[in-house]
Amino acid sequence: RNRLLVLFAFACIYFIWGSTYLAIRYAVETIPPLFVASFRHLIAGGLLFGWCWWRGLRPTRQQWVASIVLGALFFLFGHGTLHWAQQTLPSGVAAILIATEPIFVAIILTATRRTSMSATLLMGLLLGLFGVALIFGADLLTGRAEMVSAFAVLIGTAFWSIGMVYSRSAPLHPDDRMAAAMSLLAGAVMLFLAGTATGEATHFDLALVSLKSLLALGYLTILGSLVAYSAYFWLLNRFPPTLIATHTYVNPVVALVLGWSIAGEVLTTRFLFGGVVVIGAIALVGRATSREGQGTKIPEQLTHAPATGQKAAAKAMN
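All residue numbers refer to positions counted from 1 along the written sequence of the respective chain. Thresholds applied to this predicted model are a pLDDT of at least 70 for local features of residues and 80 or more for the giving and counting of side-chain atom pairs; totals over whole chains, interfaces and linings are not thresholded and use all residues. Side-chain metrics rest on all non-hydrogen atoms present in the structure, leaving aside hydrogens and water.

(A) Expanded view of the overall build of the chain. Only DSSP runs of H or I with at least four residues qualify as helices, and only runs of E with at least two residues qualify as strands; both kinds are numbered from the N terminus onward. The helix and strand inventory of the chain stands at 15 helices and 0 strands. In this description, accessible areas are obtained by the Shrake-Rupley approach with a 1.4 Å probe, and a residue is regarded as covered only by the protein chains that are shown. Total accessible area computed for the chain in this model is approximately 13,400 Å², and 69% of it derives from carbon and sulfur atoms.

(B) Representation of the nonpolar core in the model. Throughout, nonpolar core names a set of buried Ala, Val, Leu, Ile, Met, Phe, Trp, Tyr and Cys residues whose side chains join them through atoms within 4.5 Å. The classification of residues rests on relative accessible area computed with a 1.4 Å probe and restricted to protein chains. Under 20% of the type maximum is buried, over 50% is exposed, and intermediate values are partly exposed. With 42 residues, the main nonpolar core has Tyr21, Val36, Leu82, Leu89, Leu97, Ile135 and Val153 as its most contacted residues. Working rule for contacts: check all heavy atoms of both residues, and any pair within 4.5 Å makes them a contact. Those residues in contact with Leu97 that sit more than four places away from it in its chain are Leu89, Val132, Ile135, Phe136, Ala150, Val153, Leu154 and Thr157. In this structure, Leu70, Phe74, Ala179 and Leu184 belong to the second largest nonpolar core, which totals 17 residues.

(C) Broad picture of helix H3 (residues 61–85). Between its first and last C-alpha atoms H3 spans 34 Å; for 25 residues at 1.5 Å apiece the expected length is 36 Å, and the two agree. The quantity called bend is, for any residue, the angle between two axes fitted respectively to the seven residues ending at it and the seven beginning at it. The largest bend in H3 amounts to roughly 35 degrees and is located at Ala72. Here a helix's expected span is defined as the number of its residues, less one, multiplied by 1.5 Å.

(D) Main features of the packing of aromatic side chains. Pairs were defined over the aromatic rings of Phe, Tyr and Trp, the Trp ring being its six-membered one, requiring ring centres within 6.5 Å. Orientation was assigned from the angle between planes: stacked under 30 degrees, edge-to-face over 60, tilted for the rest. The final tally for this structure, using the stated rule, is 12 aromatic pairs. Arranged with centres 5.8 Å apart and planes meeting at 55 degrees, the rings of Phe10 and Tyr14 form a pair that is tilted. With a gap of 4 residues between them, Phe10 and Tyr14 both fall in helix H1 (residues 2–27), about one helical turn apart. The two residues Phe10 and Tyr14 agree in class, both being buried. Ring geometry for Phe35 and Phe204: centres 5.9 Å apart, planes at 80 degrees, overall edge-to-face. With Phe35 in helix H2 (residues 33–54) and Phe204 in the loop between helix H9 (200–203) and helix H10 (211–236), this pair connects stretches of sequence that are 169 residues apart. Its relative accessible area of 26% is what places Phe204 among the partly exposed residues.

(E) Just the confidence of the model for the chain, in detail. Here pLDDT means the predictor's own confidence in every residue, given as a number from 0 to 100. Overall, the predicted model of the chain reaches an average pLDDT of 82, with 86% of residues at or above 70. Within the chain, no element has a lower average pLDDT than helix H14 (residues 297–300), which sits at 36, and none a higher one than H3, at 94. In the model, residues 293–304 has pLDDT below 50 throughout and makes 53 contacts with residues more than four positions away in sequence or in other chains. The model gives residues 306–318 a pLDDT under 50, and that stretch makes 92 contacts with residues more than four places away or in other chains.

(F) Molecular detail of the side chain of Ser213. Relative to the elements of secondary structure, Ser213 occurs in helix H10. Pairs of N or O atoms within 3.5 Å make up the polar contacts considered here, provided that, within protein, one atom can donate a hydrogen while the other can accept it, and that residues adjacent in sequence are counted only when both atoms are side-chain atoms. Reaching out from Ser213, the side chain makes a polar contact with the backbone oxygen of Tyr26 at a distance of 2.8 Å. Excluding anything up to four places from it in sequence, Ser213 contacts Tyr26, Ala27, Glu29, Thr30 and Ile31.

(G) Examining a nonpolar patch on the surface more closely. The patches reported here contain residues having more than 30% relative accessible area and no salt bridge. Joining distances are 9 Å for like charges and 5 Å for nonpolar side chains (Val, Leu, Ile, Met, Phe, Trp, Tyr). A side-chain nitrogen of Lys or Arg and a carboxyl oxygen of Asp or Glu constitute a salt bridge if their distance falls within 4 Å. Taken together, the side chains of Leu42, Ile43, Leu47, Ile222 and Leu223 present a nonpolar region at the surface, about 400 Å² in accessible area. Listing elements by their share of the nonpolar patch, those giving two or more residues are H2 and H10. No other element matches H2, which puts 3 residues into the nonpolar patch.

(H) Region of the structure containing the environment of Ala72. Position of Ala72 relative to the elements: it lies in helix H3. A residue is classified by how much of its surface remains accessible, and Ala72, at 14% relative accessible area, is buried.

(I) Expanded view of the environment of Val285. Mapped onto the elements of the fold, Val285 is located in helix H13 (residues 269–290). With a relative accessible area of 1%, Val285 lands in the buried category. Considered as a pair, Val285 and Leu125 are 160 residues apart in the sequence and their alpha carbons are 7.0 Å apart. Discounting chain neighbours no more than four positions away, the residues touching Val285 are Pro102, Ile103, Ala106, Leu121, Gly124 and Leu125.

(J) Region of the structure containing the packing of H2 against H3. Axis lines are fitted through C-alpha atoms, for helices just across the contact stretch, and the angle between N-to-C directions can take any value from 0 to 180 degrees. Contact geometry for H2 and H3: axes closest at 9 Å, N-to-C directions at 140 degrees. With respect to their mutual orientation, H2 and H3 come out oblique. You can see that H2 and H3 cross each other, and the crossing is right-handed. Within the contact between the two elements, H2 uses Pro33, Leu34, Val36, Ala37, Arg40, His41 and Phe49 and H3 uses Trp64, Phe75, His79, Gly80, His83 and Trp84. Of the residues in the contact of H2 with H3, the class split is 8 nonpolar, 4 polar and 1 charged. Any angle between 65 and 115 degrees counts as roughly perpendicular, while under 35 counts as roughly parallel, over 145 as roughly antiparallel, and the rest as oblique. When the near helix sits turned anticlockwise from the far one by under a right angle, the crossing is termed left-handed; a clockwise turn instead gives a right-handed crossing. Each residue gets one label: Ala, Val, Leu, Ile, Met, Phe, Trp, Tyr, Cys and Pro are nonpolar, Asp, Glu, Lys and Arg are charged, and the others, such as Gly, are polar.

(K) The arrangement of the pattern of salt bridges in detail. For the structure on display, the rule yields 4 salt bridges. Across the salt bridge formed by Asp175 and Arg55, the nearest N and O atoms sit 3.8 Å from each other. Placement of Asp175 in the loop between helix H7 (144–167) and helix H8 (176–197) and of Arg55 in the loop between H2 and H3 is noted, with a sequence separation of 120 residues between them. Of the charged contacts, one joins Arg177 and Asp175 as a salt bridge, the two residues approaching to 3.6 Å between their closest N and O atoms.

(L) Broad picture of the environment of Gly18. With respect to the helices and strands, the residue Gly18 is situated in helix H1. Once the C-alpha coordinates of Gly18 and His247 are considered, the two residues, 229 residues apart in sequence, prove to be 8.5 Å apart. Not counting chain neighbours up to four residues away, the residues in contact with Gly18 comprise Asn251, Val254 and Ala255.

Structure, rendered in C-alpha cells:
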C-alpha cells in the first residue's frame, strides 16, 4: 500500500506538474491570462486557507505583509508573465525556459555572496546560457510575439527565483500550508487587480469561454495545485529533497511530449538540443550547490512549478 502511495505521489509531481503547461495554453485560449492565474490561485488558496483556519491557525499582520511580497514575486510577476506568454508561446518552450529557475537562483545566491562560485557552478551557468541561446535561435520563435513572450517567461522566472531566495528569511507563517495559502490568496488578488487594470475585464465574456478552457482551469486548480501540492508536501516529509527535486528534469520532458502529441507543437532539432543542454546545466548547478550545504535547497524549492513556492507556496504552484 505504501509503495503504491509513493508511486502515486511521484507521478503527481512528475506528470501533473509537467502537464500544467499545456493546460495553461488551453485555459488562456478563451479566458484572459491574468484572470486564469487569479481564479486558479484564488480557489486553491481559499480552500487551503479555509482548511488551515478550521485547524485553528491564525496569521499575523507581519506574516500577511511577507505573504503579499511573496505573492507579488511568485504569482503576479512569476505566474502572470507565464500565463500571458502562453497565449503565443508553445507550452514546451515555456516549460524549458521555466526550468532555468535553479540557474537564476544560483546567480542570485552568488551575487549576494550566499554561496561561492566554483568551476562546476560556473560551467553550469555558462551551459545554461548557451542552452537558452539555442532555444531563442530555434525555428519555433519565428515572430516578434513569440520572442517577446519568451523574454517575458525568463523575466517571470527571475522574479520567481528572487522570491525563492526572499522566502528563506521572510517572516512567513510557520505552518507551510498556511504560508502557501496566504501567498496564493495575496497573489490571486493582485493578479485580478492587474487584469482589471490592463482591460481584461472588458474583454472577458463568460458566454465565449469554451468548455476546453473551463476544464483546463479546473485541472490547474484541483490537480495542478491542490493534489500535486499535497503529494509534494507528503513526499518532503519522507524522502530526501534531492530525490524529490528530480521532477525538475522530468516536467519539461512531459510538457514537450504532451505539446507535441496533443497540441501539435513543432519540435526542431535545435530546440530539442537546447532543452537537453538546459537540463544538463541544471544538473551541474544542483551538483555544485549541493556540495556547499545550502545548495540542496535550490532544486528543492522548484515548483513551479507552473502549477506549483518556497516555504510551501513555491512548492505548491509550479
